[in-house]
Amino acid sequence: MTSKRVAIVTGATSGIGLAVAGRLAAGGHAVYLSARTGDDVKSTVENLREEGLEVDGTACDVRVPGDIDTLVRKATERYGPIDVLVNNAGRSGGGVTADLTDELWNDMLATNLTSVFLTTRAVLNAGGMRHKSWGRIINIASTAGKQGVVLAAPYSATKHGVVGFTKSLGNELGPTGITVNAVCPGYVETPMAQRVRQGYAAAWSTTEDQILTKFQAKIPLGRYSTTEEVAGMVEYLASDIAGSITAQALNVCGGLGNF
Ligand SMILES: NC(=O)c1ccc[n+]([C@@H]2O[C@H](COP(=O)([O-])OP(=O)(O)OC[C@H]3O[C@@H](n4cnc5c(N)ncnc54)[C@H](OP(=O)(O)O)[C@@H]3O)[C@@H](O)[C@H]2O)c1
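So, a few notes on the structure that sits alongside this text. (Residues numbered from 1 in each chain as written. Predicted model: local features only at pLDDT ≥ 70, side-chain atom pairs only at ≥ 80, totals over all residues. Heavy atoms only, no water.)

On to helix H2 (residues 38-50), then. Helix length check: H2, at 13 residues, gives a terminal C-alpha distance of 18 Å against a target of 18 Å (1.5 Å per residue), a fit within 8%. Residues Val41, Thr44, Val45 and Leu48 constitute the buried set of H2. Buried positions in H2, seen along its axis, are confined to an arc of 100° and lie on one side of it. Opposite the buried face of H2, at more than 90 degrees from it, the exposed residues are Asp39, Lys42 and Glu50. Packing partners of the buried residues in H2 comprise helix H1 (15-26), strand E2 (30-35) and strand E3 (55-59). (Helix = DSSP H or I, 4+ residues; strand = E, 2+ residues; numbered from the N terminus. Expected span 1.5 Å × (residues − 1). Buried < 20%, exposed > 50% of the residue type's maximum accessible area, 1.4 Å probe, protein only. Arc of directions from axis to C-beta. Contact = heavy atoms within 4.5 Å.)

Encoded structure:
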């Protein structure tokens, strides 16, 4: 148990989730983090603890309902009722839509969308959030949740779903003191971003460097956003002063999307 605000962050061993976990912990939260790879969870917890931060965690595959229940139960037993949930775990994926397999489509839905519902429901119930008068649910969507992205129909569909879920639940929970928002990163330099560039380079028979140049040219700032810039928005949404912001989908994208 802790007197700090308690945050769960999914997919927190890499990229955006790792930056979010570090920033929330540095800002005074007790952070319970997760990802599929147990060794990475362990080393991430150790690294953050070496910085003097209050962090613990467990392995959880957000495609597996039982894993989600275990994550929320362990976090609640360790630190107490959950104040902040960051649904960050996600995957990229797509291709020529006529060639997509059922397996890919279903895995994208399970990883990016159904997981957000299941984890949110578990935090509201077993995590105790629905019995509190304050809470923050922050879903990492994407600018691809607001516009179509070529060769990424399943990704774009799931992220649109996350934005829709966010807006509906934000409205539903409005009177409760629990806010629900989506953060929509554009291009952020992470291992996922590297895999995405590899995919497009293969699909368009070009180099990853050329894909990088092409993507940068689409961004008014001329560069990818950083994980810290995305984490800063999450930290703000998790704060008291963001109390009147709910049911929104806020871009962190260097101007890539202005809608
Ligand atoms: N990078 C971008 O340009 C960008 C842009 C817009 C939105 N986003 C979104 O931001 C989020 C994070 O992306 P990122 O770029 O930081 O990705 P990343 O560097 O690939 O990190 C993904 C994290 O999620 C975990 N993860 C993956 N599948 C999981 C699963 N089924 N269950 C639990 N954890 C899982 C990974 O660890 P394990 O593999 O060990 O599970 C890792 O910790 C995603 O939702 C992504 O869609 C990213």
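Here we come to the sheet that holds E2. If you trace the 7 strands from one edge of the open sheet to the other, you get E3-E2-E1-E4-E5-E6-E7, paired in parallel fashion. Because the sheet does not close on itself, it has two edges, and the strands there are E3 and strand E7 (249-252). Recorded for the sheet is a direction-independent mean angle of 20° between the axes of neighbouring strands. Against the sheet, helix H5 (residues 153-173) touches strand E5 (135-140), strand E6 (178-185) and E7, its axis set at about 160° to E6. Contacts between helix H8 (residues 227-237) and the sheet are confined to strand E4 (84-87), E5, E6 and E7, with E6 contributing the most and set at about 170° to the helix. (Pairing = 2+ DSSP bridges. Axes fitted to C-alpha atoms, helices over the stretch in contact; angles between N-to-C directions.)

This paragraph deals with the packing of helix H6 (residues 191-203) against helix H7 (residues 208-218). Packed helices, taken two at a time, are described by their axes: the angle between them and the distance between them. Packing of H6 against H7 brings their axes to within 8 Å, and their N-to-C directions diverge by 105°. For the element pair H6 / H7, the angle class is roughly perpendicular. Every residue of H7 that contacts H6 at Val196, Arg197, Gln198, Tyr200 and Ala201 is listed here: Glu208, Ile211, Leu212 and Phe215. Residue classes in the contact of H6 with H7 are distributed as 6 nonpolar, 1 polar and 2 charged. (Parallel < 35°, antiparallel > 145°, perpendicular 65-115°, else oblique. Nonpolar A, V, L, I, M, F, W, Y, C, P; charged D, E, K, R; others polar.)

Where two cysteines share a covalent bond between their sulfur atoms, that bond is called a disulfide. Inspection of the entire model under this criterion finds 0 disulfides. Take Cys253: it sits in no disulfide, and the sulfur closest to it among the cysteines is that of Cys184, at 8.6 Å. Look at Cys253 and you get buried, because its relative accessible area is 7%. (Disulfide = S-S within 2.5 Å.)

The biggest cluster of nonpolar side chains holds 31 residues, and the ones touching the most others in it are Leu24, Val31, Leu33, Val86 and Val183. Here the element with the most residues in this core is H1; it accounts for 6 residues. When residues no more than four places from it in sequence are discounted, the contact partners of Val183 are Ile138, Asn139, Ile140, Ala141, Ser142, Val230, Met233, Val234, Leu237, Leu250 and Val252. Grouped together as the second largest cluster of nonpolar side chains are 24 residues, Ala30, Leu118, Leu124 and Leu173 included. (Core = buried A, V, L, I, M, F, W, Y, C linked by side-chain atoms within 4.5 Å.)

With that settled, consider the pattern of salt bridges. It is possible for side chains bearing opposite charge to pair when their charged atoms get close. Counted according to the given criterion, the structure contains 14 salt bridges. Note that Asp56 is salt-bridged to Arg49, the shortest N-O span being 3.5 Å. Among the residues examined, Asp56 registers a relative accessible area of 17% and is labelled buried. As a salt-bridge pair, Asp56 and Arg78 come within 2.7 Å of each other at their nearest N and O atoms. (Salt bridge = Lys/Arg side-chain N within 4 Å of Asp/Glu carboxyl O.)

This part takes up the site of the ligand. Taken together, 30 residues are adjacent to the ligand, and Thr13, Ser14, Thr37, Tyr155 and Thr190 come closest. For the ligand, an oxygen atom lies 3.0 Å from a polar atom in the side chain of Lys159. Side-chain polar atom of Thr190 to an oxygen atom of the ligand: 2.5 Å apart, as the coordinates give it. For the ligand, the protein covers 93% of the area, taking 880 Å² as the surface of the free molecule. At the level of secondary structure, the elements contributing two or more residues to the shell around the ligand comprise H1, H5 and H6. The dominant element in the shell around the ligand, judged by the number of residues it contributes, is H6, at 3 residues. Split by residue class, the shell around the ligand holds 14 nonpolar, 11 polar and 5 charged. Each of domain 1 (6-188 + 225-252) and domain 2 (189-224) contributes no fewer than three residues to the shell around the ligand. (Near = heavy atom within 4 Å. Polar contact = N/O pair within 3.5 Å; in protein donor to acceptor, adjacent residues only side chain to side chain. Areas by Shrake-Rupley, 256 points an atom, 1.4 Å probe, with all protein chains shown as cover. Domains from an automatic or database assignment.)

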